[in-house]
Amino acid sequence: MTNGAAGPVGAGPRARGTTPLAEPGDWVNPLRDKRDKRMPRVAGPCAVVIFGVTGDLARKKLMPAIYDLANRGLLAPQFALVGFARRDWADEHFGDVVLEAVKEHSRTPFRQEVWDRLAEGIRFVHGDFDDDDAFARLADTLHKLDVDRGTGGNHAFYLSIPPASFPVVCEKLSKSGLAATTDGCWNRVVIEKPFGHDLASAESLNTVVNSVFPESSVFRIDHYLGKETVQNLLALRFANELFEPVWNSHYVDHVQITMAEDIGLGGRAGYYDGIGAARDVIQNHLLQLMALTAMEEPVNFSPAELHTEKIKVLSSARLVTPLDQNTSRGQYTAGWQGSQKVVGLLDEEGFSKTSTTETFAAVTVEVDTRRWAGVPFYLRTGKRLGRRVTEIALVFKRAPHLPFDASMTDELGQNALVIRVQPDEGITLRFGSKVPGHLMEVRDVNMDFSYGSAFAEESPEAYERLILDVLLGEPSLFPNNEEVELSWKILDPALENWAAGGKPDPYESGGWGPESAFEMLRRTGREWRRP
Ligand code: BG6
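Please set out the overall build of the protein residue by residue, giving values where relevant.
Helices and strands together make up the secondary structure of the protein, namely 15 helices and 17 strands. Its C-alpha radius of gyration of 25 Å places the protein within 12% of the 24 Å reference for a compact globule of 531 residues. By its C-alpha atoms, the protein is 85 × 55 × 45 Å across when sized along the principal axes. For the protein, restricting intrachain contacts to residue pairs at least 6 apart in sequence, the fraction spanning at least 24 positions comes to 77%. Working note: accessible area of the protein is about 22,800 Å², and carbon and sulfur atoms make up 51% of it. Positive and negative charge centroids in the protein, built from 58 and 74 side chains respectively, lie 2 Å apart.

Just give me the short version of the site of the ligand, but keep the residues and values in it.
As a structural note, the neighbourhood of the ligand is formed by 13 residues, with Tyr 224, Lys 227, Glu 261, Asp 280 and Gln 422 the closest of them. Between an oxygen atom of the ligand and a side-chain N or O atom of Lys 193, the distance comes to 2.9 Å. Contact distances for the ligand include 2.7 Å between an oxygen atom and a side-chain N or O atom of Lys 383. With the chains in place, 83% of the 400 Å² that the ligand exposes on its own is no longer accessible.

I'd like a description of the packing of aromatic side chains, backed by residues and values.
Under the counting rule described, the total for this entry stands at 18 aromatic pairs. Plain terms: the ring middles of Phe 84 and Phe 135 are 5.0 Å apart, the flat faces sit at 45° to each other, and that makes the pair tilted. Of this pair, Phe 84 sits in strand β2 (residues 79-85) while Phe 135 sits in helix α4 (residues 132-148); the two residues are 51 residues apart in sequence, bridging distant segments of the chain. You'll find Phe 84 and Phe 135 in the same group, each marked buried. Judged by centre distance (5.2 Å) and plane angle (40°), the ring pair of Trp 89 and Phe 124 falls under tilted. Pair noted here: Trp 89 is in the loop between β2 and α2 (91-105) and Phe 124 is in strand β3 (residues 122-126), with a separation of 35 residues, a long-range link. The class of Phe 124 is buried, set by a relative accessible area of 8%. Sitting over the face of the ring of Tyr 224, Lys 227 holds its NZ or CZ atom 4.5 Å from the ring centroid.

An account of the sheet that holds β3 is requested, with residue identities and associated values reported.
Taking strand neighbours across the sheet as the criterion, the six strands line up as β3-β2-β1-β4-β5-β6 in an open arrangement whose pairing is parallel. Sheet topology places β3 and β6 (218-220) at the edges, where each strand pairs with a single neighbour. On average, each strand axis in the sheet is inclined to that of its neighbour by 20°, with strand direction left out of account. Where β2 and β3 come together, five bridges link them in parallel fashion. Counterpart to Phe 84 in the pairing with β3 is Val 125. In the packing of helix α1 (residues 56-71) onto the sheet, the strands contacted are β1 (46-51), β2 and β4 (155-159), and the crossing angle to β1 comes to about 175°. Those strands touched by α2 are β2 and β3, and its axis lies near 115° from that of β3.

Rules and cut-offs
- Residues numbered from 1 in each chain as written.
- Predicted model: local features only at pLDDT ≥ 70, side-chain atom pairs only at ≥ 80, totals over all residues.
- Heavy atoms only, no water.
- Helix = DSSP H or I, 4+ residues; strand = E, 2+ residues; numbered from the N terminus.
- Rg over C-alpha atoms; globule rule 2.2 N^0.38 Å.
- Contact = heavy atoms within 4.5 Å.
- Areas by Shrake-Rupley, 256 points an atom, 1.4 Å probe, with all protein chains shown as cover.
- Lys, Arg positive; Asp, Glu negative; His and termini not counted.
- Charge placed at Lys NZ, Arg CZ, Asp CG, Glu CD.
- Near = heavy atom within 4 Å.
- Polar contact = N/O pair within 3.5 Å; in protein donor to acceptor, adjacent residues only side chain to side chain.
- Phe/Tyr/Trp six-rings, centres within 6.5 Å; stacked < 30°, edge-to-face > 60°.
- Buried < 20%, exposed > 50% of the residue type's maximum accessible area, 1.4 Å probe, protein only.
- Lys NZ or Arg CZ within 6 Å of the ring centre and 35° of its normal.
- Pairing = 2+ DSSP bridges.
- Axes fitted to C-alpha atoms, helices over the stretch in contact; angles between N-to-C directions.

Set out below in structure tokens:
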């Protein structure tokens, strides 16, 4: 999907100071410019600094992804990983923490020689986010690595920390000289969501971040964009002639985008309480999926063209009113998840008994363009739902006339094209087919494409793809500041309405959300798919 807006990986990023690079001198990536699609994209020399190394994300996703990249040969030998946190750890201890995370969560098999090479470049800097001395130590550590390890002055700062700390970390990076791009080297900042909690806070965060890092050096992570199945949406739409003619309001009745999870929120109160499902998932993942589904064909797949098309969709999207009828929010109560009895949110560790945080949210969006006018996009997400599934379903209008006896089409629904984002990644086409026998009875059937059986290659984890893109300086898969702000602008009215409206509606764990969500569609004569 990216097409070569590569960073300066080729012509010799140089270390600060006078000592030459440790090895192997001016490193040139031999693979970058050959444009042979069988050749992997390999990152050049660099260091990744993770702020928030003690968090779940770093342990379960970031460190394993870095190891997986190393294991696949996609990192240069001159790679370093630096952890920054308050704990007073030695480099070796941090190395042990990374090793444990890698062994537990990596996708690819553990290989001692890969680990040994990676471990040589692991460092730890302890300190608070507002501590000038700590940032001076960080700068010193990086400068040493640039020379001794050969990371060449290229640094990615990964902020896996609460958004309230983004400004101070950016300011300290700037003050310690780590934000500037000099001598053909690069400094990039990677920001995890949530990026603000409404439009106003996102705007002020953007102002602070952009005052330190130019927009081209800012990579806002939305890990859904790193998923293969999400990128395949563009291939499906723009590499085929079959779908485009029906991809519009003449044929599509509505679109359902579902991200359902069966897990609860035990242990995540610190992050989730007060944030809720809409800010956690709809503002980013689901609106991005909607933008990719609804956008026009980009001129090409360069980052600028992709952003332009997504921005057009997000600028023309709005929540359908009245909000009370066209949105729904819920909170899970006790129930059964499979054969396991589970508690409700208010009994989860860390949540107050009066928490009004929603664990389910659904909204109705319309995109006011010629292609989509009048087609509702229903977006829903929730925890402790019936099963884990993410899908985008285009549900088509009924045939204008059915020349069958009415009883012969009792089991015929609406045609649907379903992009199965996860799990069981693939695409399903649902249509009516004759039931074998002497009657002309028609019933829904599915035609399936499944990644597992069509391709031998296993898909990389989203974080592998996205971290590699950061190191290559390829921003296509990262929402820019305008996309983030427009997404908040779409969602804010629902958040304000809910904040004024008391408690979320209860729903039983293991079900498919509150009654208000079913009612939201029923009112328009539609119903949610049961994935
Ligand atoms: C994160 C949300 O962005 O995505 C989590 O903060 C959610 O609440 C997670 O559980 C789900 O990611 P995935 O890739 O497992 O669908």
